[in-house]
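Coordinates in review
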Amino acid sequence: MQLLATSSILLAFAHLCKAHGNHHSDESSFNPVDFADEEASLEDIWGGFWPYQGVETFAHLPHTECLIDDQETFDIGIIGVPFDTATSYRPGARFGPSGIRKASQRQDMWRGFNFRAGLNPFDDWAKIIDCGDIPVTPMDNALALKQMSAAYDELVLKRNSTFDYSQSGSQKTSPTRVPPRFVSLGGDHSILLPILRTLKKAYGEVYVVHFDSHLDTWAPDKYPSYWKSEASDFTHGSMLWLAQQEGLIAKNGNLHVGLRTRISGDSWDDFDEDDEVGFKRIFADEIIDLQATGMARKILDYLPHDKPIYVSVDIDVIDPSAAPGTGTMEVGGFMTRELIYMLRQMETLNIVGADIVEVAPAYDPLDITQLAGSQVAYELITSMVKKGPLDTSLLADPATVATDEVDIIDKLINDESRIANMRMPFL
Ligand SMILES: [Mn+2]
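Keep in mind the model is a prediction, meaning the values are calculated, not measured.

Some details on the overall build of the protein
Within the protein, the regular secondary structure consists of 11 helices and eight strands. Here the protein holds 427 residues, and the buried ones make up 43% of them. Within the protein, contacts between residues separated by at least 24 positions form 80% of all contacts whose residues are at least 6 apart in sequence.

Next comes the structure, spelled out in C-alpha cells:
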C-alpha cells in the first residue's frame, strides 16, 4: 500500500513538471517525503515539534485548568501562582510562572531522561500536567490570601491522584482518594502560607526545608508602620512566622539553607525568634568548608525521612550573578550547580509538595534566572517520581486535624506594643 501510494505521488509529480514545461527536474533524483502513508495518523504526521514551537506549558506538558475541571486526576500538578503584591522590595514575581514556563521549553518527554536519577520523569509512572495559574487579585491582599487558600484546598484536597493503591501491596492503607503532589511556580514567597494551610489539612504538620538567603520567619512587626491593617501583616518575609502561629508546620525540625541576609537591630533577636518558629539555620558560607556534598549530608541528617517534607526554593538563594531576576538580591550565594546538587540528593525524602518562588523575569532579560527556576522544578519533579507513589501512611487522619484557622492577624493588629513608623527600604 505504501509503495503504491509513493509511486502514484511520483507519477503525479512527474506529470505536474511536464504540464509546466519544467525540463530541469530529474525524476530519478527526486526523493519525496512519504506523507501519503495511509497507515499514519494525524498524530504521527503533525504531532512532532521543535522545542521553540507550541503554546508554552511547563515542559510541553498537557494543560488542564485543574481548578475548573474537577474530574481531572493527576499525580503531580504544575501550579502557577502569579501573585507579587506582598513583596517588601522589588515586585515582578507575578510574571514568574510565565517566565519559568518559557524557560522550560527545552524540557520535554522526548529528551527528558534525568541521568542522575535513571528515569525520565515525564515518561514514568506519574501523570504530570500543567494545571495553569490560580487567578489571584493584585488589588487586595486579604482577598488574594483567601483565593489562594481556597484554590489549594480545591487542587489538593478535592482532586485525586491516578495511582491504583488497591493493587499495591507496599502501601499500608488503600484510601479511596489520595491528594496529588504539586510544584508551584511563584509568585512571591508569601504564597507559602496558603500552601501550608492546605497541606496541614492533608498531612498534619509538615517539615519545611527552606532554601533562601532570608529568614522569612519575621513577625509582622519587623515590618512596622504606624499605618497597619490585617492584610499588611501577610508578607513574603512573615509567612513562615504566620504558619507557625497557625500551627501548620512542625514545632521543631524545619530547616533553612543558604542564609546570608542582614538581620534586625543590634543583636541576635531575629535568630532567637527564628528558633521559636522551629527552624535550624544552615548558612550560605558553610559551603566553603563543607562543599555541596557536605551541605547535602547535613540537610539529610537533619530532616526526618518518615515525615511529610515540603521543599520551598526562593530563587534568591542563588547568587545574584547567576540569578539576577529576583526582587530582593543578596550577594554571596550558591552557584546554580551547587543548589541543583543539593536538591538532587533529597530524592530519598517524602516530598509532598514544592515551590520555586521569587523569579521576577523583568530584571533578567537574558532568562538565566527563569532557566534556573525551570531546572529546579525539573529536579523536584524527578525526585517525587523517583520516590514513587505517595506513601499513604503520611496522610493525616481527618479526625485528628484541626481545620479551624487561628485568626492570628486579628490578634496582631490589636497589639499596641508594636513598633511604629519604620520606613521601608525602598523609600
Ligand atoms: Mn523568601
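The rest of the description comes next.
Focus: helix α5 (residues 192–203)
When the terminal C-alpha atoms of α5 are compared, their 16 Å separation across 12 residues agrees well with the 16 Å that a helix rising 1.5 Å per residue should span. Most of α5 sits out of view: 11 of its 12 residues are buried. Burial in α5 covers these residues: Leu192, Leu193, Pro194, Ile195, Leu196, Arg197, Thr198, Leu199, Lys200, Ala202 and Tyr203. Looking one or two residues past α5, Gly204 carries a phi angle of roughly 80°, positive in sign.

Overview of the packing of helix α8 (residues 286–302) against helix α9 (residues 336–344)
At a closest axis distance of 8 Å, the pairing of α8 and α9 adopts a crossing angle of 25°. In terms of their interaxial angle, α8 and α9 are classed as roughly parallel. The element α8 and its partner α9 pack so that their crossing is right-handed. Here Ile287, Ala292, Met295, Ala296 and Ile299 of α8 lie close against α9, whose contacting residues are Glu338, Tyr341 and Met342. Looking at the contact of α8 with α9 residue by residue, the class counts come to seven nonpolar, no polar and one charged.

Quick look at the environment of Lys158
Within the fold, Lys158 resides in the loop between α4 (141–157) and β3 (181–186). By the C-beta count within 10 Å, which is 11 here, Lys158 ends up exposed. Linking Lys158 and Val178, residues 20 residues apart in sequence, is a C-alpha distance of 9.4 Å. When near neighbours in sequence (up to four residues on either side) are disregarded, Lys158 contacts Asp70 and Asp153.

Focus on the environment of Val208
Position of Val208 relative to the elements: it lies in strand β4 (residues 207–211). Taking C-alpha positions, Val208 is 5.0 Å from Asn254, a pair spaced 46 residues apart along the chain. Dropping the residues within four chain positions of it, Val208 is found in contact with Ile249, Asn254, Tyr310 and Ser312.

Describing the confidence of the model for the protein
Fine structural detail should not be taken from predicted coordinates in areas where pLDDT scores are low. Looking at the protein as a whole, the pLDDT averages 88, with 83% of positions reaching at least 70. Long-range and interchain partners of residues 1–26, a stretch whose pLDDT sits below 50, account for 19 contacts in this model, where long-range means more than four residues apart. Under a pLDDT of 50 for its full length, residues 402–422 has, in the predicted model, 27 contacts with residues more than four places off or in other chains.

Overview of the pairing of strand β2 (residues 128–133)
Counting buried positions over the six residues of β2 gives six, a clear majority of the element. Bridge count between strand β1 (residues 76–81) and β2: four bridges; the pairing is parallel. Within the sheet, the bridge partner assigned to Gly80 lies in β2 and is Asp133. Between the parallel elements β1 and β2, the chain passes through helix α3 (residues 96–103) in a crossover that is right-handed.

Re the sheet that holds strand β5 (residues 254–259)
Strand order in this open sheet of eight strands is β2-β1-β3-β8-β7-β4-β5-β6, and the pairing throughout is parallel. The sheet is open, and its two edges are formed by β2 and β6 (279–283), each paired on a single side. Neighbour-to-neighbour, the strand axes of this sheet turn through a mean angle of 15°, independent of strand direction. Along the sheet, α3 contacts β1, β2, β3 and β8 (350–357); its crossing angle with β3, the most-contacted strand, is approximately 110°. Its contacts with the sheet put α8 on β4, β5 and β6, and the angle it makes with β6 is roughly 155°.

Details of the nonpolar core
Counting 95 residues, the largest nonpolar core has Met148, Val206, Ile309, Ala377 and Leu380 as its most contacted members. Sorting elements by how many residues they give to this core places helix α10 (residues 368–387) first, with nine residues. Not counting residues within four places of it along the chain, the set of residues in contact with Met148 comprises Val81, Phe83, Ile134, Val136, Ile191 and Pro194.

With respect to unusual backbone geometry
Residue Gly187 is reached from Gly186 by a cis peptide bond, and omega for that bond is 15°. Following the sequence through the fold, Gly187 ends up in the loop between β3 and α5. You will see that His60, though not glycine, has its phi angle at about 60°, which is positive. With respect to the element layout, His60 can be found in the loop between α2 (42–46) and β1. Positioned with a positive phi, Asp367 is a non-glycine residue whose angle comes to about 70°.

Some words on the packing of α4 against α5
As a packed pair, α4 and α5 sit with axes 8 Å apart at the nearest point and diverge in direction by 40°. α5 is crossed by α4, and the crossing has right-handed handedness. Together, Leu145, Met148, Ser149, Tyr152, Asp153, Val156 and Leu157 of α4 and Leu193, Pro194, Ile195, Arg197, Thr198, Lys201 and Ala202 of α5 make up the contact between the two elements. Per-class residue counts for the contact of α4 with α5 are nine nonpolar, two polar and three charged.

Conventions adopted
Residues numbered from 1 in each chain as written. Predicted model: local features only at pLDDT ≥ 70, side-chain atom pairs only at ≥ 80, totals over all residues. Helix = DSSP H or I, 4+ residues; strand = E, 2+ residues; numbered from the N terminus. Buried ≥ 20, exposed ≤ 12 C-beta atoms within 10 Å, placed from the backbone. Contact = placed C-beta atoms within 7 Å. Expected span 1.5 Å × (residues − 1). Axes fitted to C-alpha atoms, helices over the stretch in contact; angles between N-to-C directions. Parallel < 35°, antiparallel > 145°, perpendicular 65-115°, else oblique. Left-handed = near helix turned anticlockwise from the far one by under 90°. Nonpolar A, V, L, I, M, F, W, Y, C, P; charged D, E, K, R; others polar. pLDDT = per-residue confidence, 0-100. Pairing = 2+ DSSP bridges. Right-handed = clockwise from strand over helix to strand, strands pointing away. Core = buried A, V, L, I, M, F, W, Y, C linked by C-beta atoms within 7 Å.

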